Each structure stands twice: as C-alpha cells, then as structure tokens.
Amino acid sequence: MTQHPPLLQLALAAALVLSMSTRAGLAPQVFYGDPVDPDGKAFPIMPGLPLLLPGGDEQFGTSDDIYDPSFTGDVDLVVRVGTIGAAAIPPPNGAPGGPARQTSTAGGGVTGQGEEVSFTVMVSDSSGSPAYGNVLMVGDLDYRPITVFAFADLDADGVLGPTNADPSGSADNAIEEQEAKAFVGRQVGFLWTGRAQGSLGLQIAAPASIGGLTVSLSAGAYTGADPNEFYGDGTPIFTLWPYFPPLDSHKVIGGDNYGPLDPTIRSEIIFTPDMNYLPPPEHPQLGTLFAIPLDGSEPSTDQLTVVSGPASGARFFDEIDPEAFRATSRAWIRPAPDSEGTGRTLVAPVDELSFPADGATTLRKLRLLPVDLFGNVADPDPNSGFTIDLVASGGVYIASPSSDPYPLSERILLSSAVGTEVLIGHIGPAADGRIDLLRPQTGRRSHVAGSLAVNLSSGGDRDADGIADQNDNCTLVSNRSQADVDGDGLGNCCDGRCAADPNSAGCDECGLSPEALCDGFGGDTDGDTLCDSEDPCRFFHNSLPLTTSGFSGIPDECLCGDVTGDHFLTGSDAQILNHCAGFLRFDCDLSRDDVDGDGVLTGNDAAQVNRVAGFLLPAYLLTCPRRPEGTCGGATGVSCF
Amino acid sequence: MTAVLATLYIGMGAVRAGSFGPTLAIGQVVARPAGVGAMVEITGILGFDDLMQVNLPLSLLIYQDDRFVRYPIGGVPQSGTFRPIRSGLLSRKIERLEAAGQDEPQAGIIRLEPSRLVAELPPSIGNGTVTAVLYVVLPDLGYFQSNEVSTTLEGVVGGSP
C-alpha cells in the first residue's frame, strides 16, 4: 500500500469534484453526494473509512492501491437484527438509547434446535436526522441482491477483527484474524423499496454460562443496471466489514455463474476468502480501520448473542496456544470456559490423538466437554448433569480421572460446561486404539456420543533431540532449544537463519547450511528447507505446518488446479481453467494449473479438475509442478481419499 | 464480450452441472464399532452451510443389503427394509423409500458440521458392507443426491444383525 503523491491526489480530487457536479444525476439516489470517478461512477467506500481503491490491477494490497483520507465514507447501507418496517433506522442493539442485545440459539432451526436470526438490511439516506437516518424508500435499487454475513468475536474482547488496542496487544492477532477470516453464517436477499428482510442460521456459539458468543452482522448490496450481471456493473455499497470484501458480486454470489438469483438455491453463494483484503494490524494507515467495535457505537452493523444448543454429546478438546495459532477460513475453534471455570478460553476439537512410537510421550491431557449437535461447547442440564462413559480399547487407557481400578472405562459426570480434564495413556504396540464416548440410557443400550481415535505416529524422533517429530520444528537436525526467532514454525536450524547468521539463537546446536541439512533426504528442490523426502510440495516454496482446508486431504499450498483458492476443487476452477485455455482469461498459473503435466493449459486440464469436482477422480492423482508426486499417505502430507 | 461469455457458459453446462442446486458429495465414509453399537462418519460436501441459510431437507441414508436407516435432518430417524435399495438409490425410489420404515430410537445424528456428519447406527446394521448416500428433495426443483460410498463395518459386538 502506498499513498499516492500530492499531485495525483489533487488531480483525483479535481476530477471527483468535476464529475460530482456533472454526472451524479445518473446514479441511484443512494450515491447522491458521494465522490464519483470521471465517468460518473461512485467510488465504493465503507462507512467511516477513507477512500481505498485497488488501483489498476484491481487487487488490494499492491503498490498501486489508492489511499485518500480526505474522503470518508458515509452510511449507505445498514443492517439490523430483527424485522424492521419503520421509516427511521433504529440504533444498533446495545447502543445508548437502543434496544438490548438479542440472544439466539445456534442451529438455525434445521434440527428442531435453535432458531434463525431475522435481519433487515436498509439503504440509508445518510441524513443523520433522526440519528441513524431514514430508509431510502425509492425503487431505483429494487431487485438488487444483498448479502448478509455473520462474524464472531471469538476472544470476547468487544472488537471484531485484529486490533492492537485490546489488553493482549498484538499477541492474539492470529485469533483476531480468525474472527474476520471465517464467517459463521450467511444469507442472500433482494432489495425492495430500500429494504431487504430475511433470516440466517448461525453455526457456532458459546455456552450461556460464559455469556454466549457475540456475533456481528455485516451486509453488502450490489448495484447496477444489468440483472444478467447480478447487478455487478454498478458500485457496491457496504456496511462496515472486518475486511474489504470483493467488489465483484460474482466473487460472492454466483461464483462466476450467470443466471437468475434464487435465495432458495444454496450453492449460489460461493465466497472466496482470498479475494478479501485484510490489512495487518501494524499497517500504518489501515491497520485498525477494519476492526468493528461491538458496543453499538458503529452505526451500520448490528450484534447479537448466540448461545449453544442443549448438550447432546461430548467431545475432546485442546486449548489453543495463541502464539502457535494460524488463522484459516474455516470456523473450527470454539469458546469454552477455562479449566478453572473462572474465565473463558478457546478450544480446538481433537478427534484423533497420536502418540510417538518411540514411547517418548506416554500421557496426554485433553479436556472432555459437553457439546451440542453442532460441536459447540454447551451447558448440560443443570438439574441432572450429563453422564458420559469413556470406553478405551486398542492399548489406550484412561489414567485420570480414575474412580475405580479399571483403567479401560470411566463414568464421568459433566456437571457444567467446564467439563473435566482427562489424562490418556497408551501402552503396547497396538496402533489402532480409541476411546468411545457413550451416553448411558436406563434399561436400554447406551447411545454413542462420540469417539477419539488414538494411534502411534511413525515418525518417532529422527534427530534424537528428545522432541518427537510431530512436535519438532526441525525434525532432521538436533535442536533441543527449538529456537525460532521469526516464528515461522520452522526452527532456526531449518529455515536458513543459521546459515545466514550463525549467531542467531540456537545455532550453536546445528550451524549447518540448508543444503547440507537435506543430504541423504532427497535434497531440497524448492529451497524451502523442507527436504524433498518430507516435503509435500517439492516444487513449491512452502513451510510447515501446512493448512489443509478442503476434504481432498491435500495441503492448501499445493492443491493443483485450485484456481479460486478456496481449497476445494469445484466446477468454478474447471470453468476458469477453460477460460484460460481459450485465452479469455490470463490469471491462471501453470505451476498450479497444468494438472495433466503437458506444459500448457488446455481443456483437458479443466476436464481433469472437473472430474475431481464430481468425485470421479481422487484429488491426489492430479499433479502439477507444485506437487508432482501424485501420491498420498506417508510423508506426503496428503490423505488417501 | 458478454455475449461470447454467455455462450461459453451455456457450453460449460456440464462443468457446472449441479451448481444451481444443492451440491452433495461424499468423500469418505468410515463405519466402526462404538461400545456395543456402531457409528458412521461421513466426510464431504453436505451443504451444511446452505442448510443454515434455508431449511434444506437433507437426509442421510445408510443401507446394508435391503436394510436401511434414514436420518432426515431435523426429523426422527427411520429404519426398516426396502428391497429395491439393494441395487442402489435412484431418484424414482426415494418416494417409496420414505414411505417405508418406522421410527428408530436407537439411531441418531451425533454431530453435524459443515463437512462432517457423524451418526449412530441402529442394531439392524451389523458387520458387513455399509453404503451411505445423501439426498435432498426440493419442491419444484426435484431430487438431488450424492455419490454412494461403501465401507466395511466389522468388530460390532454380536456380529451380524
């Protein structure tokens, strides 16, 4: 991001003023008074934010971005929880003088549990009188599509998205980035006389005993004149979002598809998180602009509290280490009471547990927590509690709690959402152990409530530094200190730092060049200091741990043919590849998209991706320069399904 | 240019097949014993995000030989026998399948996540080959179903049903 020079700024301002006076009459009323470009088209600006444009490359975060703080966006669009028919836009929930924040139960009503959250999206006249303006009840935006997305305040700091202004400063920015990256509910609708109403279900929640989970709603509307373009030919209008969302409606609705919108057709929302622009918190100009306060002071968005459904099962969890956490586009971590029951923390589900085969680790501590149907930590019935039988097999035993002499089973009463800590051990050579979670029923067979698979990792401790490979940030070189000054997940001995600066922390333990590190391990073709024998992406500079979002089991960094970057291979990827093959687009990447390995992009590459999308071909069989192996299992990092 | 693209999109109909309806696809099915019963875990595209937008009438069907258990999301699981299911689920069989069977208290959905569904199997499903398929019936839009994926269940106490 660079701020454009004063001369360009002046020229831009002059052009804006000139165009505002001559062309604004062509725009819908919502844009009256807004700055427009020389062609009379309004600029997209979020409320309270400066003018930020992606520049000629149409991508944010690049050197030609335009940043002009002399323009500040007004409120064009407002979303509120509830069904609102009044002309005056009410304050957000929780704002001074506004209604109290509403509470909803997760689940969206799809299983007979929970309920959908009703919302109203309103086009604002930005009048400020009354305080939040009036609905612009004109028909010039009728039938234009709207989206509503929900985001969760996972760390309960009262702000959505990365901020350094909270008590934790920058230490928890990865958690706060997760809040913005992963939406927890979504819906589409249509504007009609300046208003769109609907409802959406929310996926994640927190137990009521810790105050539930605050969720913020943001909305966008796409304007334009051509319904065949999903009205994407006009300027989008937004409430405040925790990032700059895609300006192109096809990146959110329709996924590059043309056709009539239909809110009953679910797959018409295809959201590509990689198209979002989320500046880092330390960005000098934009660092905290996208953080949304959740105290009702932000006029365009609204909040509600979501609580978990009734406890129906149990699950093992591990507490999150904020320093080691990496944000993903999936909503997978959950709020929970801390183990003392005095505060709240974040936990990650554990459905599979590995012990090192060399026996270096013999006990693991996990938290057993009651959950609702959607895997949210939940409050059990306060009158009867929630009883779970743990039944271990395959060399696994329950070391603690231990109410009887039999280590293979344990009956546990989960009297609150705090749950209990369970110490799990493993003995013997068996590699296919498990702990079943059962709910005892009076006079009947127990119900199954969950399962934890337990196995032995094959890696052991290859460099014999006393740290099992699964926990070692440098598996082939002894580095007992685990020093990692740049926090990239690779120890200094393995990421080239020691080769560049032998005086770095921990380098007295290794001192090897990166090339020497991989002698005997297949070399290091892509120079990422992951030796080829253990690198899932041999020809692509990647680091560990890899993130695997899609169910192909292939790490996101080396998924061949994933043009949209959503970590799934879908018909959209095939379609874009077909366009690249026909020279209608030029944004494909041969190293990623040449899935048939013939050196050029053709319709056959698109066809192969389409076969994977249709489950006619396993994803791991696609090869590309980034991941040429075409194999799975073992050290490839690729699951075999 | 728009006309060219529109023509191309029509030509790409096969690529985008299903994109105007719910996408259901099973990537993996794991069935295993649990306690004295058994459970099945489905991984794939379940349309769960979509389920949360609009009440999508999704059902999971598990069958073994001519025995089946059906898990309608938000409804009571049903189990029974349905001889035509032995040759697989076809859309024309769905109406008759849904009329067969009775409430099954020993079955239920344990967990529902965006790409994962875990369910308890009733005693009528025992050791042997188990097949899973997802389907949706939408008014005016018709039937949508996933691929069928089979796996082997073994080690259940009591063996075959």
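Just so it is clear, the structure is predicted and the values come from calculations on it, not from any experiment. (Residues numbered from 1 in each chain as written. Chains lettered and ligands numbered in written order. Predicted model: local features only at pLDDT ≥ 70, side-chain atom pairs only at ≥ 80, totals over all residues.)

(A) Structural context of the overall build of chain B. Each helix and strand in chain B was counted, giving three helices and eleven strands. Secondary structure of chain B in N-to-C order comes out as α-β-β-α-β-β-β-α-β-β-β-β-β-β. Residues classed as buried in chain B amount to 50% of the 161 residues present. Sequence separation of at least 24 residues holds for 58% of the intrachain contacts in chain B that already meet a minimum separation of 6. (Helix = DSSP H or I, 4+ residues; strand = E, 2+ residues; numbered from the N terminus. Buried ≥ 20, exposed ≤ 12 C-beta atoms within 10 Å, placed from the backbone. Contact = placed C-beta atoms within 7 Å.)

(B) Fine view of the overall build of chain A. From N to C terminus, chain A includes seven helices and 24 strands. The buried share of chain A, taken over its 641 residues, is 50%. Here the analysis covers contacts within chain A between residues at least 6 apart in sequence; of these, 61% occur between residues at least 24 apart.

(C) Representation of helix α5 (residues 571-581) of chain A. Residue and element names in this part refer to chain A. Of all eleven residues in α5, ten are buried, a share of seventy percent or more. On the buried face of α5, the contacting elements are α6 (590-593) and α7 (603-613). Immediately beyond the C-terminal end of α5, within one or two residues, lies Phe583, with a positive phi of roughly 60°.

(D) A look at the sheet that holds strand β15 (residues 334-337) of chain A. All names here are of chain A. The six strands are arranged β15-β16-β14-β18-β22-β20 in an open sheet whose pairing can be described as antiparallel. Bordering the open sheet on either side are β15 and β20 (396-400), each of which pairs with just one other strand. Across this sheet, the average inter-strand angle for adjacent strands is 50°, counted without regard to direction. The pairing of strand β14 (residues 313-319) with strand β18 (residues 363-371) spans five bridges and is antiparallel. Paired with Phe317 across the strands is Arg367, a residue of β18. (Pairing = 2+ DSSP bridges. Axes fitted to C-alpha atoms, helices over the stretch in contact; angles between N-to-C directions.)

(E) Expanded view of the pairing of strand β9 (residues 128-138) of chain B. Residue and element names in this part refer to chain B. Bridge analysis of strand β3 (residues 58-64) against β9 gives six bridges, and the strand direction is antiparallel. Bridge pairing in β9 places Leu61 opposite Val133. For β9 and strand β11 (residues 149-153), the ladder comprises five bridges, and the chain directions are antiparallel. Across the sheet, residue Thr129 finds its bridge partner in β11, namely Thr152. Of the pairings in the sheet, the one linking β9 to strand β10 (residues 142-145) comprises four bridges and is antiparallel in character. Directly across from Val137, in β10, lies its bridge partner Tyr143. Taking the residues between adjacent antiparallel strands as the criterion, β9 and β10 are bridged by three residues, where Asp140 takes a positive phi near 75°.

(F) Summary view of the sheet that holds strand β2 (residues 37-45) of chain B. All names here are of chain B. Spatial strand order, β1-β2-β8-β7: four strands in an open sheet with antiparallel pairing. Each edge of the sheet is formed by a strand with only one pairing partner; in this case those strands are β1 (25-34) and β7 (108-113). Adjacent strand axes in the sheet meet at a mean angle of 15° when their direction is disregarded. In this sheet, β2 lies alongside β1 in antiparallel orientation, the contact comprising nine bridges. Bridged to Ile26 within β2 is Gly44.

(G) Layout of helix α2 (residues 173-181) of chain A. Those residues of α2 of chain A that sit buried are Asn173, Glu176, Glu177, Gln178, Glu179 and Ala180 of chain A. Its buried side turned inward, α2 of chain A meets β6 (145-152) and β7 (159-160) of chain A.

(H) Highlighting the nonpolar core. The biggest cluster of nonpolar side chains holds 157 residues, and the ones touching the most others in it are Val121, Val184 and Leu202 of chain A together with Val40, Ile62, Ala119 and Ala132 of chain B. Here this core gathers at least three residues from each of two domains, domain 1 (1-305) and domain 2 (313-457) of chain A. Beyond its immediate chain neighbours, meaning those up to four positions away, Leu202 of chain A contacts Ser104, Ala106, Gly108, Val117, Ala150, Val184, Gly185, Val215 and Val306 of chain A. The next biggest cluster of nonpolar side chains, apart from the first, holds 21 residues, and it includes Cys558, Phe568, Ala574 and Val595 of chain A. (Core = buried A, V, L, I, M, F, W, Y, C linked by C-beta atoms within 7 Å. Domains from an automatic or database assignment.)

(I) Main features of the confidence of the model for chain B. Per-residue pLDDT for chain B has a mean of 80; in total, 83% of the residues score no lower than 70. Predicted confidence for residues 1-20 of chain B stays below pLDDT 50, and this span has 18 contacts to residues more than four positions away or in other chains. (pLDDT = per-residue confidence, 0-100.)

(J) Summary view of unusual backbone geometry. Residue and element names in this part refer to chain A. Each neighbour pair has its own omega, and for Ser400 with Pro401 the value is 0°, a cis peptide bond. By secondary structure assignment, the location of Pro401 is in the loop between β20 and β21 (409-414). Although it is not a glycine, Tyr143 sits at a positive phi angle of roughly 70°. Within the secondary structure, Tyr143 sits in the loop between β5 (117-123) and β6. The exposed category is assigned to Tyr143, around which 11 C-beta atoms lie within 10 Å. At Phe583, a position not held by glycine, the phi torsion is positive, near 60°.

(K) Examining the environment of Val135 of chain A more closely. All names here are of chain A. Its location among the elements puts Val135 in the loop between β5 and β6. Look at Val135 and you get buried, because 20 C-beta atoms sit within 10 Å. Between the C-alpha atom of Val135 and that of Asp125, which follows or precedes it by ten residues, the distance is 6.2 Å. With residues up to four places along the chain from it excluded, the contact list for Val135 reads Ala87, Ile89, Met122, Val123, Gly194 and Arg195.

(L) Main features of the packing of α5 of chain A against α7 of chain A. All names here are of chain A. With their axes 8 Å apart at the nearest point, α5 and α7 run at an angle of 175° to one another. Between α5 and α7, the angle is such that the two are roughly antiparallel. Residues Gly571, Asp573, Ala574, Leu577, Asn578 and Ala581 of α5 form the contact with α7, whose participating residues are Gly603, Asp605, Ala606, Val609, Asn610 and Ala613. Taken together, the residues that form the contact of α5 with α7 break down as six nonpolar, four polar and two charged. (Parallel < 35°, antiparallel > 145°, perpendicular 65-115°, else oblique. Nonpolar A, V, L, I, M, F, W, Y, C, P; charged D, E, K, R; others polar.)

(M) Just the environment of Asp142 of chain A, in detail. In this structure, Asp142 of chain A sits in the loop between β5 and β6. Apart from the residues lying within four places of it in its own chain, the contact partners of Asp142 of chain A are Leu191, Trp192 and Thr193 of chain A.

(N) Molecular detail of the environment of Cys474 of chain A. Residues and elements named next belong to chain A. Take Cys474: it is sitting in the loop between β24 (444-457) and α3 (497-500). By the C-beta count within 10 Å, which is 27 here, Cys474 ends up buried. Here the alpha-carbon distance between Cys474 and Cys494, two residues 20 residues apart in the chain, equals 5.7 Å. Setting aside chain neighbours within four positions, we find Cys474 in contact with Asn479, Leu490, Gly491, Cys493 and Cys494.

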